[in-house]
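Here are the chains, one letter per residue:
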Amino acid sequence: MLEPSKDFQEKAKGRQKFQHQGRTIYEWDQTLDDINIYIEPPKAVLKKYEDQVRQQLKPGEQMPKLDIQIKADCLKIGIKGNPPFIDEPLVKQCDSSESYWLIEDEELHIILQKAYKGELWPSVFVGHGKVDPLTEQELQKKMLLERFQEEHPGFDFSGAQVNGMVPNARTFMGGIKHN
């Protein structure tokens, strides 16, 4: 079996990009518990939010309100009064009651808590492609090591390597232990 390069391994562990017509629509990554989606909103939307935080809105000025609806099987993102920017079914289920969003470092950051801890998501949305098999194996390795670190906090798994086919982090060795 061909071993991926270190550069590829690091890239696979980082954010994955979804692009359309050469433009990055969003980036995403995942942990054992969460799917993180990163979107760079239009500068005008960010400016209005920054102004609101600084409480410098002019009298009568309405700031655009983000319309973000997180459901167990669907995510809708837009500005109220306009058609949604994204209105897509999720590739897997999330726990919508534990999912949320915020604006951080000029990015819209949406955190979807996975309905099933340790489940590997090959993409975020149905029809948005999926990660290639090598990247999927690297993501599986990352989640398996994350699981081991969580279950054995006294050990350091940062230099650990997994050879061959990577087992499923959710089900390997009796599955994920729940508190």
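Criteria and cut-off values
- Residues numbered from 1 in each chain as written.
- Predicted model: local features only at pLDDT ≥ 70, side-chain atom pairs only at ≥ 80, totals over all residues.
- Heavy atoms only, no water.
- Helix = DSSP H or I, 4+ residues; strand = E, 2+ residues; numbered from the N terminus.
- Expected span 1.5 Å × (residues − 1).
- Buried < 20%, exposed > 50% of the residue type's maximum accessible area, 1.4 Å probe, protein only.
- Polar contact = N/O pair within 3.5 Å; in protein donor to acceptor, adjacent residues only side chain to side chain.
- Pairing = 2+ DSSP bridges.
- Axes fitted to C-alpha atoms, helices over the stretch in contact; angles between N-to-C directions.
- Contact = heavy atoms within 4.5 Å.
- Phe/Tyr/Trp six-rings, centres within 6.5 Å; stacked < 30°, edge-to-face > 60°.

(A) Spotlight on helix H3 (residues 133-151). Its 19 residues give H3 an end-to-end C-alpha distance of 27 Å, which sits within 8% of 27 Å, the value for a rise of 1.5 Å per residue. Residues of H3 that are buried: Thr135, Gln137, Glu138, Leu139, Gln140, Lys141, Met143, Leu144, Leu145, Arg147 and Phe148. Measuring from the backbone nitrogen of leucine 134 back to the side-chain oxygen at the start of H3 gives 3.1 Å, which picks out aspartate 132 as the cap.

(B) Fine view of unusual backbone geometry. Of note in this structure, glutamine 21 is not a glycine but carries a positive phi near 50 degrees. Judged by relative accessible area, glutamine 21 falls into the exposed class, the value being 77%. For aspartate 105, which is not a glycine, the phi torsion comes out positive at approximately 50 degrees. Along the chain, aspartate 105 turns up in the loop between strand E7 (94-104) and strand E8 (107-114).

(C) Up close: the sheet that holds strand E1 (residues 16-20). The 5 strands are arranged E1-E2-E3-E8-E7 in an open sheet whose pairing can be described as antiparallel. Strands at the two margins of the open sheet, each flanked by one partner only, are E1 and E7. Averaged over neighbouring strand pairs, the angle between their axes works out to 20 degrees when direction is ignored. Of the strand pairs in this sheet, E7 and E8 are connected by 7 bridges, and their pairing is antiparallel. Bridged to isoleucine 103 within E8 is leucine 108. Contacting E1, strand E2 (23-30) and E8, H3 crosses the sheet at an angle of about 40 degrees to E2.

(D) Region of interest: the sheet that holds strand E6 (residues 86-89). Taken in spatial order, the 3 strands line up as E4-E5-E6 in an open sheet, and their pairing is antiparallel. The open sheet has two free edges, formed respectively by strand E4 (66-71) and E6, since each of these has just one partner strand. The sheet shows a mean angle of 5 degrees between the axes of neighbouring strands, taken without regard to direction. Where strand E5 (residues 74-79) and E6 come together, 4 bridges link them in antiparallel fashion. Its bridge partner being in E6, leucine 75 is matched across the sheet by glutamate 88.

(E) Molecular detail of the packing of aromatic side chains. Inspection of the entire model under this criterion finds 2 aromatic pairs. Taken together, a centroid distance of 5.2 Å and an interplanar angle of 20 degrees make the contact between phenylalanine 18 and tyrosine 26 stacked. Exposure remark for phenylalanine 18: the relative accessible area of 17% places this residue in the buried category. Both rings, one in tyrosine 26 and one in phenylalanine 125, keep their centres 5.4 Å apart while their planes meet at 85 degrees; by these two values the pair is edge-to-face. With tyrosine 26 in strand E2 and phenylalanine 125 in the loop between E8 and H3, this residue pair connects regions lying 99 residues apart in the sequence. Since its relative accessible area comes to 2%, tyrosine 26 is described here as buried. With a relative accessible area of 0%, phenylalanine 125 lands in the buried category. Linked through ring pairs, Phe18, Tyr26 and Phe125 together constitute an aromatic cluster.

(F) Main features of the environment of isoleucine 35. Within the secondary structure, isoleucine 35 sits in strand E3 (residues 34-39). Here isoleucine 35 falls in the buried class, since its relative accessible area comes to 0%. Separated by 59 residues in sequence, isoleucine 35 and cysteine 94 have C-alpha atoms that sit 8.7 Å apart.

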